[in-house]
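The chain contents come next:
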Amino acid sequence: MAPVRAGAGAATYVLSVRFEVLGPLTTRGDDGRLLIPGRRKQRSLLGLLLLRAGTTVSTESIVDVLWGERPPPSAVANLQSYVADLRRLLASGEPDKPPRLASRQRGYRLLVDPDELDAGVFARLAGAGREALEQGDAATAADQLARALGQWRGRVLEDLELPALEPERARLEEQRLAAVEDSCEARLALGGHRELAAELAELVSQHPLRERMWALLMLALHRSDRPGDALAAYRRVAGLLDRELGMPPGAPLRRLHERILAADPRLDPPVTMSPPAPRVVPAQLPSDVRYFTGRAAELATLDALLDGGDRAPTEPAVAAVSGTAGVGKTALVLHWAHRVAGAFPDGQLFVNLRGLGPSGTAMSAAEAVRAFLDTLGVPPDQIPPTLDARAGLYRSLVAGKRMLVVLDNAGDAEPVRWLLPGTPTTVTVVTSRNQLADLIAAEGARPVTLDLLSSAEAEELLVGRLGPARVAAEPAAVAAIISRCARLPLALTVVAARAATHPAFPLDALAAELADAAGPLDALTAGDEASDVRAVLSWSYAALPAAAARLFRLLAEHPGPDVTAAAAASLTGDPLPEVRRLLAELARVSLLTEHAPGRYASHDLLRAYAADLGRTLDGADARRAATGRVLDHYLHSAYAADRLLDRHRDPIELVPPAAGVSPHRLTDQAQALSWLAAEQANLRAAAAAATGTGHDTHAWQLAWVTTTYLRRRGDLDDLAGGWLAGLAAAQRLDDPHAQALAHRGLGGAYVLQDRFADAHSQFRRALALSVAEGDLAGQAHTHRVDGWAWEREGRPDQALRVAQRALAAYRAAGHRHGQAAALNNTGWCHGLLGAHRDALDQCRQALDLFEELDDRQGRAITWDSIGFAHHQLGEHDQAVSCYQQAIAGFQELGERYHAATALIGLGDAQRAAGDAMAARRSWREALVILTDLRLPEAGPVAERLNDLAPVTR
């Protein structure tokens, strides 16, 4: 859409924001998502500036509106804070554009293009409708006015209590009522008097002093062959005006009364403008889907259209059903439409708008409206020549009727708008691969996003088409078919059709056929283009701009289950803002699904289709470069996260990122943990892809950068699996330093799995490599983790000897952090051997060093060791305090395993101090963590709880 200019000298904005004040305050981005300020006064400020858009509102006026007669001393400072937040919320992202919220001398001005504000759209459409009415073009007037009134969702800013804005509200409400009267006059001119008689009776009861409404009611009643009722209406309004205002009706109302008394034929509707009576009640729905399956939630959403829900009484019901190719949008709508057809006694209209299809030619709005007029019985010579007039006549014909309108396969929202009835008695359902965000934002359409079938629904579909016995006989084959078809209804239907055509074929033969095909799409065709999965997907792809098409193809090179904008930008090497726009475009046409904010995914058949296209259109070098860039993205992002989780860990030298890589920006531990949790599946897939594509340095470094997080989470299988792959990659690279790191990392994973012999074997290999390289720090690290293994194995004497070697090696290497860790380890081992005063001495030295180094994890581990020593010395209160400090540190760091072990120690100390209830709470908390992590320590904790005497509460 072209930019809409705000006037001479004003900034011009692309229509990327929709502001709505004609009802609750709403601000939406171009993707349809709400952009609502969080604070009440901030919302009030935005509402005030929107009502006075384009004009400077003084600071004094704003303070008066927001705080009234007694503003707080901080009012101006608070206002400046609200303005700053609104600027960020409404930022255009284009540096050459001035801010929408501009500071002026002693005030602020909000720059809004007229078509960005529903009040501006209303004013434009209402003005056009009034002008058409004055020129005698009733059809155009009715259309424009219906669209104008469709902008209203309720009382102006009805969610904001701002008494100072009542004058603006009253002004806009008066404009709305004038537009309602103009609309009724236009519909009367088109012959809609019978439907209007009831509507106007309701309107005059709501607005009893509006003489024009009474005049329109009288005329509608007269034209409906009810002159007596028309005269009775005049008597009612005359009495009302006398009682309320002490004055008679105005001259226009008196003249109309006289003409009705005289049966003036000029009051009759012109014959040429009378709408023709429909020859038949339209029933255009194609046949119902015979084996419809599932979709209970979506059907319930559509059912809600029938009861009005939270819509305003004058608001038409519209639903926008979107989803990827072959997901069953039309099937859902047709099944629902047949189920509720009885609720629409005036008929059902259906049109295929051909937005995407084999012909490549979408139906124009003019063509679609003409088709509906033909169906509604309008003679060809009475169909107006212009689209505006046709749409106005169409809306007049369906006004007041209980009709269902199904607009199938819309390419975008533009043709749909011309086909939306303007009456609340109709229900319109639109299907599209496009999300139709404009329709949702501007017309209040209810979104219904259709996803893949569940596995149970997919099996039910096969049962319906093949019979329960055949499906039950081969459960493994059925599961394979469902998986290979990605739970996509079109693909499952194609396979079911093939199976039904060959009833003697075993289903496992069809499953094998799917697996053996050159690609999963090659076996999914039923012989015609409309049921060929590849062809159906191609219709969406063919409509993409070149940049979006390239991104779609390269997304097949992404190894994981979903993708963020930063990862996608790394795939393409393009700027992040541009890729965000392209991802939104792919989601808009349902080639991607934004299943969580900022995270995009597609089903397996779409990925297979994208991969096929990539092999055809993109060279192998380009695809390999994309893979390298996305691996760089995950490696560098995870490395940054690891440094935030453990900044004292000895760093590694990363592979430099390729040009165009966009690592995720992380600033604190909370962000790091959140990012790692969200990306765990992608990181696992990236490591596998690195191994499979020869990116061996990435493979071992990805294992290194995820170790801290996986260890803290207790994801031991992922930890060991990553280091196994990393070790193989380091060996292929013939890199001794990387091999030493991998042996040590794998050994650490084995310790956590209680595979002590395997762990010691890995540590011996790591030590030999570090000795050969002359790496003192590497030797010390290996001694330290080997000592930890001996301690967990129940050999504290051997653990102490190895820990002392680690301490000596750290001192020789000048590695202060390592010295602190080794001191804690030696102290812990002394405690295990009964030398608790020696343990306290060693651990306090470690704690002092950790304090100097500001290592929170080291402090937490050492507090745990000190707590153990105090407990063994019988100093239980001191032990409880130390354990509590350790637990707080572990919980802050997300160290679930260490938090659980400290909770066990805390429970032991609490029980020894005589507080059995507190001990029970600590052990239960530890048991929950250890059970969740599937660790063997859960058993002894459960035994502690069983042995504890019942507590009387």
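Residues numbered from 1 in each chain as written. Predicted model: local features only at pLDDT ≥ 70, side-chain atom pairs only at ≥ 80, totals over all residues. Heavy atoms only, no water.

K.L.:
Hey, could you run me through the overall build of the chain in this one?
P.N.:
In terms of helices and strands, the chain carries 42 helices and 14 strands. Expressed as a percentage of the 953 residues in the chain, the buried residues total 53%. Partitioning the intrachain contacts of the chain with sequence separation of at least 6 by distance along the chain shows that 66% fall at a separation of at least 24. Of the accessible surface of the chain, which amounts to about 40600 Å², a share of 53% is contributed by carbon and sulfur atoms. (Helix = DSSP H or I, 4+ residues; strand = E, 2+ residues; numbered from the N terminus. Buried < 20%, exposed > 50% of the residue type's maximum accessible area, 1.4 Å probe, protein only. Contact = heavy atoms within 4.5 Å. Areas by Shrake-Rupley, 256 points an atom, 1.4 Å probe, with all protein chains shown as cover.)

K.L.:
I would appreciate a short explanation of the packing of aromatic side chains in the present structure.
P.N.:
Each aromatic ring pair is characterised by the separation of its centres together with the angle its planes make. Evaluated as defined, the whole model comprises four aromatic pairs. Here phenylalanine 372 and tyrosine 394 contribute two aromatic rings whose centre-to-centre distance is 5.6 Å and whose plane-to-plane angle is 35 degrees, an arrangement assigned as tilted. Residue phenylalanine 372 is located in helix α13 (residues 365–375), and its partner tyrosine 394 is located in helix α14 (residues 387–398); the two are separated by 22 residues in the primary sequence. The exposure class assigned to phenylalanine 372 is buried, which follows from its relative accessible area of 1%. Given a relative accessible area of 0%, tyrosine 394 falls into the buried group. One cation-aromatic arrangement involves arginine 649 over tryptophan 704; the distance from NZ or CZ to the ring centre is 3.5 Å. (Phe/Tyr/Trp six-rings, centres within 6.5 Å; stacked < 30°, edge-to-face > 60°. Lys NZ or Arg CZ within 6 Å of the ring centre and 35° of its normal.)

K.L.:
So what exactly am I meant to see when it comes to the sheet that holds strand β5 (residues 56–58) here?
P.N.:
Hydrogen bonds along the backbone pair up the strands of a sheet, which may run parallel or antiparallel. Pairing within the open sheet is antiparallel, and its three strands lie in the order β5-β7-β6. Each end of this open sheet is capped by a strand with a single partner; those strands are β5 and β6 (101–104). Shown here is a sheet whose adjacent strand axes are inclined to one another by a mean of 30 degrees, direction ignored. The pairing of β6 with strand β7 (residues 107–110) spans four bridges and is classified as antiparallel. (Pairing = 2+ DSSP bridges. Axes fitted to C-alpha atoms, helices over the stretch in contact; angles between N-to-C directions.)

K.L.:
Explain unusual backbone geometry here, please?
P.N.:
Note: most peptide bonds trans; most residues except glycine with negative phi. The phi dihedral of alanine 263 falls on the positive side, at around 50 degrees, and the residue is not glycine. One can find alanine 263 in the loop between α10 (251–261) and α11 (296–303). Taking the relative accessible area as the measure of exposure, alanine 263 reaches 52% and is therefore exposed. The backbone phi angle of aspartate 754 is positive, close to 60 degrees, even though this residue is not glycine. Checked against the element boundaries, aspartate 754 lands in the loop between α32 (736–752) and α33 (756–773). The exposure class assigned to aspartate 754 is partly exposed, which follows from its relative accessible area of 33%.

K.L.:
How should the environment of leucine 635 be read in this particular structure?
P.N.:
With respect to the helices and strands, leucine 635 occurs in helix α27 (residues 620–645). Expressed as a C-alpha distance, the spacing of leucine 635 and proline 663, which sit 28 residues apart in the sequence, is 8.4 Å. In contact with leucine 635, other than residues within four places in its own chain, are Leu654, Val655, His698, Gln701, Leu702 and Val705.

K.L.:
Which parts of the structure should I look at to understand the nonpolar core?
P.N.:
One recurring pattern in soluble globular proteins: nonpolar side chains tend to sit buried together. Within the largest apolar cluster, 110 residues are counted, with the highest numbers of intra-cluster contacts made by Phe552, Leu586 and Leu702. Here this core gets nine residues from one element, more than from any other, and that element is α27. Setting aside residues up to four positions removed in sequence, phenylalanine 552 forms contacts with Tyr541, Leu544, Leu586, Leu591, Leu606, Tyr609, Ala610 and Leu613. By size, the runner-up hydrophobic cluster in this structure holds 52 residues, among which are Leu117, Ala126, Ala138 and Ala179. (Core = buried A, V, L, I, M, F, W, Y, C linked by side-chain atoms within 4.5 Å.)

K.L.:
Please clarify how empty space enclosed by the protein should be interpreted in this entry.
P.N.:
To find the voids left in a structure, one rolls a probe of water-molecule size over its atoms. Counted by the stated rule, this structure contains two cavities of 30 Å³ or more. Considered as a void within the structure, the largest cavity measures approximately 130 Å³ in volume. Taken together, 16 residues line the largest cavity, and the ones lying closest to its centre are Leu555, Leu592, Ala601, Ser602 and Arg607. Ranked by residue count, the leading element in the lining of the largest cavity is helix α26 (residues 604–617), at three residues. Of the residues that constitute the lining of the largest cavity, the class distribution is eleven nonpolar, three polar and two charged. (1 Å grid on protein atoms, 1.4 Å probe; cavity = no way out; pocket = protein on both sides within 12 Å on 5 of 7 lines; lining within 4 Å. Points joined across faces, edges and corners; volume = space filled by probe spheres on them. Nonpolar A, V, L, I, M, F, W, Y, C, P; charged D, E, K, R; others polar.)

K.L.:
Sorry if this is basic, but what is going on with the pairing of strand β8 (residues 317–322) here?
P.N.:
Within a regular strand, side chains alternate between the sheet's two faces. Within β8, six of the six residues are buried, which leaves it mostly tucked inside the rest of the structure. Burial along β8 is two-sided: Ala317, Ala319 and Val321 and Val318, Ala320 and Ser322, pointing in opposite directions, are all buried. Two strands pair when backbone bridges link them, and β8 and strand β12 (residues 446–449) are joined in this way by four bridges, in the parallel orientation. Each bridged residue has a counterpart across the sheet, and for valine 321 the counterpart in β12 is valine 448.

K.L.:
I would appreciate a short explanation of the side chain of arginine 553 in the present structure.
P.N.:
Residue position: arginine 553 is located in helix α23 (residues 546–554). Exposure remark for arginine 553: the relative accessible area of 10% places this residue in the buried category. When sequence neighbours within four positions are dropped, the list of residues in contact with arginine 553 reads Tyr541, Ala610, Leu613, Gly614, Leu617 and Asp618.

K.L.:
I tried to follow the sheet that holds β8 on my own but got confused; where do I start?
P.N.:
Taken in spatial order, the five strands make up an open sheet running β9-β10-β11-β8-β12, and their pairing is parallel. Lying at the two open borders of the sheet, with one neighbouring strand each, are β9 (348–352) and β12. With direction set aside, neighbouring strand axes in the sheet form an average angle of 15 degrees. Of the pairings in the sheet, the one linking β8 to strand β11 (residues 427–432) comprises six bridges and is parallel in character. Bridge assignment links valine 318 to a residue of β11, and that residue is threonine 428.

K.L.:
It is not clear to me how the packing of α27 against helix α28 (residues 669–692) should be interpreted in this structure. Could you clarify?
P.N.:
Geometrically, a packed helix pair is captured by the angle between its two axes and the distance between the axes. The geometry of α27 relative to α28 is characterised by a closest axis approach of 9 Å and an angle of 140 degrees between their N-to-C directions. When the axes of α27 and α28 are compared, the pair comes out oblique. For α27 against α28, the interelement crossing comes out left-handed. Within the contact between the two elements, α27 uses Leu631, Tyr634, Ser637, Ala638, Ala641, Leu644 and Leu645 and α28 uses Gln669, Ala672, Leu673, Trp675, Leu676, Glu679, Asn682, Leu683, Ala686 and Ala690. Among the residues making up the contact of α27 with α28, the classes are represented as 13 nonpolar, three polar and one charged. (Parallel < 35°, antiparallel > 145°, perpendicular 65-115°, else oblique. Left-handed = near helix turned anticlockwise from the far one by under 90°.)

K.L.:
Would you mind showing me how to read the state of the cysteines here?
P.N.:
Should the sulfur atoms of two cysteines be covalently bonded, the bond is a disulfide. Counted by the stated rule, this structure contains zero disulfides. Of all cysteine sulfurs, the one in cysteine 843 lies closest to cysteine 829, which takes part in no disulfide; the gap is 9.6 Å. (Disulfide = S-S within 2.5 Å.)

K.L.:
Hey, could you run me through the packing of helix α39 (residues 876–893) against helix α40 (residues 896–912) in this one?
P.N.:
The geometry of α39 relative to α40 is characterised by a closest axis approach of 9 Å and an angle of 160 degrees between their N-to-C directions. With respect to α40, the element α39 is oriented roughly antiparallel. Relative to α40, the crossing made by α39 is left-handed. Across the interface between the two elements, His876, Ala879, Val880, Tyr883, Gln884, Ala886, Ile887, Phe890 and Gln891 from α39 touch His898, Ala899, Ala902, Leu903, Gly905, Leu906, Ala909, Gln910 and Ala912 from α40. In terms of residue class, the contact of α39 with α40 is built from twelve nonpolar, six polar and no charged.

K.L.:
Looking at this structure, how should I read the pattern of salt bridges?
P.N.:
Any two side chains of opposite charge can pair, on the condition that their charged atoms come close. Counted according to the given criterion, the structure contains 42 salt bridges. Here glutamate 60 and arginine 106 are joined by a salt bridge, their closest N and O atoms 2.9 Å apart. On the criterion of sequence distance, the pair formed by glutamate 60 in helix α2 (residues 59–67) and arginine 106 in the loop between β6 and β7 is long-range, its members being 46 residues apart. By relative accessible area, which is 44% here, glutamate 60 ends up partly exposed. We classify arginine 106 as exposed; its relative accessible area is 59%. (Salt bridge = Lys/Arg side-chain N within 4 Å of Asp/Glu carboxyl O.)

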